[in-house]
Amino acid sequence: DAGVIQSPRHEVTEMGQEVTLRCKPISGHDYLFWYRQTMMRGLELLIYFNNNVPIDDSGMPEDRFSAKMPNASFSTLKIQPSEPRDSAVYFCASTRGRKIPHSPLHFGNGTRLTVT
Amino acid sequence: DAKTTQPNSMESNEEEPVHLPCNHSTISGTDYIHWYRQLPSQGPEYVIHGLTSNVNNRMASLAIAEDRKSSTLILHRATLRDAAVYYCILRDVAGSQGNLIFGKGTKLSVKP
């Protein structure tokens, strides 16, 4: 089991550019989550999917952020245009929903985004 | 969502037991108590969870108060690798939403 795979590990971009973060969940998991972590705000849930369908996107900061899950093995988080305040570590996590609340979330190692 | 309260930081000596407290006075009957930890430069990882009874696994033990308004994560012998931020989280089975809401957690330092 390779775990949740995120790419890239680090992304440095200039303000105004489009940024796309990628996530491959663990095979067989039907829930996928995107979190953002900053020193000031800690870990924040941005959006989560169940069976590829967005369930709750109330944590998405604004229209510049969008997330998609075209199939069970791939999700993207896009920021367009990016701003310096978007600098953070973005985590993807997945879990198997049938056994909630017993099924733990499995997190990837994150993408560290720096917007200059 | 029911909230949890944890100390901001704690220190421990290597090879000594560590007791990490968590208060959750507004816990509901359907809330499970989950603990995750986050090692430096990594994503959070699951540690343990329970509902009413004390729980043990290879990583830690979870002691839950009889009234369920508090719990304690116990690391029996701290190692340097246990230095991390530990999060106590309530997860509602009734909502079955699956998502976790993280607080600030407790930063554990382990001294050699």
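For the structure, see preceding data.
Residues numbered from 1 in each chain as written. Chains lettered and ligands numbered in written order. Predicted model: local features only at pLDDT ≥ 70, side-chain atom pairs only at ≥ 80, totals over all residues. Heavy atoms only, no water.

A. Region of interest: the sheet that holds strand β3 (residues 31-38) of chain B. Residues and elements named next belong to chain B. The strand order across the open sheet built from 5 strands is β1-β9-β8-β3-β4, with neighbouring strands paired in mixed fashion. Sheet topology places β1 (9-13) and β4 (45-50) at the edges, where each strand pairs with a single neighbour. The average angle at which neighbouring strand axes cross in this sheet is 25°, direction not considered. Bridge count between β1 and strand β9 (residues 106-111): 5 bridges; the pairing is parallel. Each bridged residue has a counterpart across the sheet, and for Ser-12 the counterpart in β9 is Val-110. (Pairing = 2+ DSSP bridges. Helix = DSSP H or I, 4+ residues; strand = E, 2+ residues; numbered from the N terminus. Axes fitted to C-alpha atoms, helices over the stretch in contact; angles between N-to-C directions.)

B. Molecular detail of the interface of chain A and chain B. Contacts between the two partners involve 23 residues from chain A, matched on the other side by 21 residues from chain B. Around 1,700 Å² of area is buried between chain A and chain B when both sides are counted, 53% of it from carbon and sulfur atoms. Run the count over chain A and chain B and you get 0 salt bridges. In this assembly, chain A and chain B are joined by 4 residue pairs in polar contact (both at pLDDT 80 or more). (Contact = heavy atoms within 4.5 Å. Buried area = accessible area lost by both parts, 1.4 Å probe. Salt bridge = Lys/Arg side-chain N within 4 Å of Asp/Glu carboxyl O. Polar contact = N/O pair within 3.5 Å; in protein donor to acceptor, adjacent residues only side chain to side chain.)

C. Up close: the layout of surface pockets. Put simply, the largest pocket is a space of about 830 Å³. Looking at the largest pocket, it is lined by 35 residues, and the ones nearest its centre are A:Gln37, A:Met39, B:Gln38, B:Val85 and B:Tyr87. Those elements that place two or more of their residues in the lining of the largest pocket are β4 (31-38), β5 (42-50), β9 (88-95) and β11 (111-115) of chain A together with β8 (84-92) and β9 of chain B. In the lining of the largest pocket, the residues fall into 13 nonpolar, 18 polar and 4 charged. (1 Å grid on protein atoms, 1.4 Å probe; cavity = no way out; pocket = protein on both sides within 12 Å on 5 of 7 lines; lining within 4 Å. Points joined across faces, edges and corners; volume = space filled by probe spheres on them. Nonpolar A, V, L, I, M, F, W, Y, C, P; charged D, E, K, R; others polar.)

D. Layout of the environment of A:Tyr31. All names here are of chain A. Secondary-structure assignment places Tyr-31 in strand β4. When its relative accessible area of 10% is taken as the criterion, Tyr-31 is described as buried. Along the backbone, Tyr-31 and Thr-76 are 45 residues apart, and their C-alpha atoms lie at a distance of 14 Å. (Buried < 20%, exposed > 50% of the residue type's maximum accessible area, 1.4 Å probe, protein only.)

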